[in-house]
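# Structural description and commentary
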Amino acid sequence: KNEVEQSPQNLTAQEGEFITINCSYSVGISALHWLQQHPGGGIVSLFMLSSGKKKHGRLIATINIQEKHSSLHITASHPRDSAVYICAVPQGGSEKLVFGKGTKLTVNP
Amino acid sequence: ETGVTQSPTHLIKTRGQQVTLRCSSQSGHNTVSWYQQALGQGPQFIFQYYREEENGRGNFPPRFSGLQFPNYSSELNVNALELDDSALYLCASSLRTGGVYEQYFGPGTRLTVT
């Protein structure tokens, strides 16, 4: 079974700061998901990536397949970025996802 | 908006009762997965349905069961509710065409068992 570790667990930043959230996994994968969950519960898929880097607005996700590590970066953070960010990887080459416990980000104005 | 909807949004049940949660997949998606997310934890895989057949199950007892219909909508049924079943239940749909694919999550149903 793939084990997923995220760090940090909690992160508090000031508006405008550059944010980095890390994710490590134990077994080789075909792709990794970054998800965002706001209070109230709904999950939004931010990125799915299998190599290199993806960018969407102020969000950047990178993955190093050899090191089994991915990072999610937020540039010029804003209070509306406050949420729980979760990384998830497939289990055993299937589409069933194993999730990290999430990183709770709070961005203060 | 992912196109995946779930109902109801919130639900309160009593221990021992039965509950049915519903999920409407994004159009054209033939696979649906159900997850349970306890407070402060990451989601845990319950099971998955592909073309109306169960296609894998997580570490959940048989009182958790599901259905997928020809239109690919889905139900999660939980019998003999326990207090620990209180959680957010998420469904996610995806199109299974081989290779790498993306899952689209619904907003979740928050179940409280008292």
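Refer to the structure printed above.
This write-up is about the structure you can find in this document. (Residues numbered from 1 in each chain as written. Chains lettered and ligands numbered in written order. Predicted model: local features only at pLDDT ≥ 70, side-chain atom pairs only at ≥ 80, totals over all residues. Heavy atoms only, no water.)

All right, on to the packing of aromatic side chains then. In total, this model carries 6 aromatic pairs over all chains according to the counting rule given. Considering the side-chain rings of Phe99(A) and Tyr35(B), the 5.0 Å spacing of their centres and the 85 degrees angle between planes classify their relative orientation as edge-to-face. Residue Phe99(A) is located in strand 10 (residues 97-99), and its partner Tyr35(B) is located in strand 4 (residues 31-37); the two belong to separate chains. The two residues Phe99(A) and Tyr35(B) agree in class, both being buried. Residues Tyr35(B) and Phe105(B) carry aromatic rings whose centres are separated by 5.9 Å and whose planes lie at 40 degrees to one another, so their mutual orientation is tilted. Within this pair, whereas Tyr35(B) is found in strand 4, its partner Phe105(B) is found in strand 10 (residues 104-105), the two being separated by 70 residues in sequence. We note that Tyr35(B), like Phe105(B), is buried. Among the aromatic residues, ring-to-ring pairing joins Phe99(A), Tyr35(B), Phe45(B) and Phe105(B) into one connected group. (Phe/Tyr/Trp six-rings, centres within 6.5 Å; stacked < 30°, edge-to-face > 60°. Helix = DSSP H or I, 4+ residues; strand = E, 2+ residues; numbered from the N terminus. Buried < 20%, exposed > 50% of the residue type's maximum accessible area, 1.4 Å probe, protein only.)

Attention now goes to the sheet that holds strand 8 (residues 74-78) of chain B. Residue and element names in this part refer to chain B. The 4 strands are arranged 1-3-8-7 in an open sheet whose pairing can be described as antiparallel. Here the strands that pair on one side only, and so sit at the sheet edges, are strand 1 (5-7) and strand 7 (64-68). Adjacent strand axes in the sheet meet at a mean angle of 20 degrees, parallel and antiparallel pairs treated alike. Here 3 bridges tie strand 1 to strand 3 (residues 19-24), and the two strands are oriented antiparallel to one another. (Pairing = 2+ DSSP bridges. Axes fitted to C-alpha atoms, helices over the stretch in contact; angles between N-to-C directions.)

Residues and elements named next belong to chain A. Here 5 strands make up an open sheet; going across it, the order is 1-3-8-7-6 and the pairing antiparallel. The sheet is open, and its two borders are formed by strand 1 (4-7) and strand 6 (52-56), each paired with just one other strand. Direction aside, neighbouring strands of the sheet carry axes that sit 15 degrees apart on average. Looking at chain direction, strand 7 (residues 59-64) and strand 8 (residues 69-74) are connected through 6 bridges and run antiparallel. Counterpart to Thr-62 in the pairing with strand 8 is Ser-71.

Let us now look at the pattern of salt bridges. Tallying each qualifying case throughout the model produces 5 salt bridges over all chains. For Arg58(A), the salt bridge goes to Asp81(A), with nearest N and O atoms at 2.8 Å. Highlighted residues: Arg58(A) in the loop between strand 6 and strand 7 and Asp81(A) in the loop between strand 8 and strand 9 (83-90), separated in sequence by 23 residues. A relative accessible area of 26% places Arg58(A) in the partly exposed class. With a shortest N-O distance of 3.4 Å, Glu54(B) and Arg57(B) are connected by a salt bridge. Residue Arg57(B) is classed as partly exposed on the basis of its relative accessible area of 31%. One continuous salt-bridge network, built from bridges that share partners, spans Arg63(B), Glu82(B) and Asp85(B). (Salt bridge = Lys/Arg side-chain N within 4 Å of Asp/Glu carboxyl O.)

Right, let's get into the side chain of His29(B). Residues and elements named next belong to chain B. By the secondary structure assignment, His-29 is in the loop between strand 3 and strand 4. Judged by relative accessible area, which is 7%, His-29 ranks as buried. There is a polar contact of 3.4 Å between the side chain of His-29 and the backbone nitrogen of Ser-94. Not counting the four nearest positions on each side in its chain, His-29 is found in contact with Tyr-72, Ser-93, Ser-94, Leu-95 and Tyr-104. (Polar contact = N/O pair within 3.5 Å; in protein donor to acceptor, adjacent residues only side chain to side chain. Contact = heavy atoms within 4.5 Å.)

So, to be careful, I would describe these as geometric facts and stop short of saying anything about function.
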